[in-house]
Amino acid sequence: MPYSPINKCLPATVDIRLQHRYSDVGTELSRTTHFNKIEVLRLLQMHYLLTKNNTKPMDKLNFIQFMDIFLGVRNVDAVDKIYLLCSETNKEYLTGPEFVKVLSMVLKGTLPDLINFCFEVYTEMMRSPKYIKKEDVLLMARRNSMKMCKLVNMEEYDQSFVDFVMTEVDKDRDNRISLEDYRKAVHENVAWLQFLGQILPDYSKKETFMRLFTDRPYVNNIEATAAAMTRKNRESIAKISLLKPTISQAENFPSSTSFSSNSTCLVVNHDMAHVTKNNQLISDGHYLTLF
């Protein structure tokens, strides 16, 4: 079978050796990640080049530098937790396959997967395995305040941010944010995905980095999913609006139906107000863009 280079920047002998070394794991990872085999092999080669002068594959400092330089993620606390969560083989370093899995998540992860991933990173940062408590949100707000220019009313601003977060994300009103609370908030507005600090690279950084190892066009799975959810919500609201006159006239309509006039109006009105409120806050540069 004729030789086909994976990385033209490498000498052919090195490229052939690495292709042979990573062939089996490349096939396996192409089945379990969002990359095809050629992309996996190139990422494994990248991991090799980044660590070939080190005795360990990729330690924490190297990973933090990689996330900063290549992907623009400078939230060291979050990157540290990502490293600890993903270095399953040995907490002292990140292997090549683990490196590929991390990039599969942060570059091409689906929204449902990213919700679980980001929540786990946040709870690890708070050292609370199941919940984000109100005091945790305040702590994160204060940490960010120390990085910003000092304002006279910064303490009041932090408390306002915490109150706003708990009102919007703590769906069951138990003064703590569970995974289910977080999932519901993200489904209502995807901006909540990173409300306690950056975990994922932004669109431009993802697109630029992916040009290093693939010719496939980059698809923003988060925005695509959010747009699909928005369309679904709009269609549901439109259907409900059409049914509303009929529902209001049907006095003996079963109370258990999902089209109950009282609950429908409350839900629709709440969702529309929620979307409008959040959009205004994002465009004004407050709260969700605080970190």
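Asker: A description of the environment of Arg216 should follow, citing residues and the corresponding values.
Answerer: For Arg216, the position within the fold is in the loop between helix 10 (203–210) and helix 11 (221–249). Considered as a pair, Arg216 and Glu39 are 177 residues apart in the sequence and their alpha carbons are 9.7 Å apart. Apart from residues lying up to four places away in sequence, Arg216 is in contact with His34, Phe35, Asn36, Glu39 and Lys108. For Arg216, the side chain forms a polar contact with the main-chain oxygen of His34, separated by 3.4 Å.

Asker: Go over the side chain of Asp170, please, and point to the residues and values.
Answerer: Within the element layout of this structure, Asp170 appears in the loop between helix 8 (154–169) and strand 2 (176–177). Of the side chains with opposite charge, Arg173 lies nearest to the buried Asp170, which makes no salt bridge, at 4.9 Å. In this structure the side chain of Asp170 is engaged in a polar contact, spanning 2.9 Å, whose partner is the backbone nitrogen of Asn175. Contact partners of Asp170, with chain neighbours within four places excluded, come to Val165, Asn175, Arg176, Ile177 and Asp181.

Asker: An account of the packing of helix 4 (residues 76–86) against helix 6 (residues 111–126) is needed here, citing residue identities and associated values.
Answerer: Helix 6 packs onto helix 4 with a crossing angle of 110 degrees between their chain directions and a minimal axis gap of 9 Å. It follows from the interaxial angle that helix 4 and helix 6 lie roughly perpendicular. Across the interface between the two elements, Asp77, Ala78, Lys81, Ile82, Leu85 and Cys86 of helix 4 pack against Phe117, Glu120, Val121, Glu124 and Met125 of helix 6. Along the lines of polarity and charge, the residues of the contact of helix 4 with helix 6 split into seven nonpolar, no polar and four charged.

The rules we used
Residues numbered from 1 in each chain as written. Predicted model: local features only at pLDDT ≥ 70, side-chain atom pairs only at ≥ 80, totals over all residues. Heavy atoms only, no water. Helix = DSSP H or I, 4+ residues; strand = E, 2+ residues; numbered from the N terminus. Contact = heavy atoms within 4.5 Å. Polar contact = N/O pair within 3.5 Å; in protein donor to acceptor, adjacent residues only side chain to side chain. Buried < 20%, exposed > 50% of the residue type's maximum accessible area, 1.4 Å probe, protein only. Lys, Arg positive; Asp, Glu negative; His and termini not counted. Salt bridge = Lys/Arg side-chain N within 4 Å of Asp/Glu carboxyl O. Axes fitted to C-alpha atoms, helices over the stretch in contact; angles between N-to-C directions. Parallel < 35°, antiparallel > 145°, perpendicular 65-115°, else oblique. Nonpolar A, V, L, I, M, F, W, Y, C, P; charged D, E, K, R; others polar.

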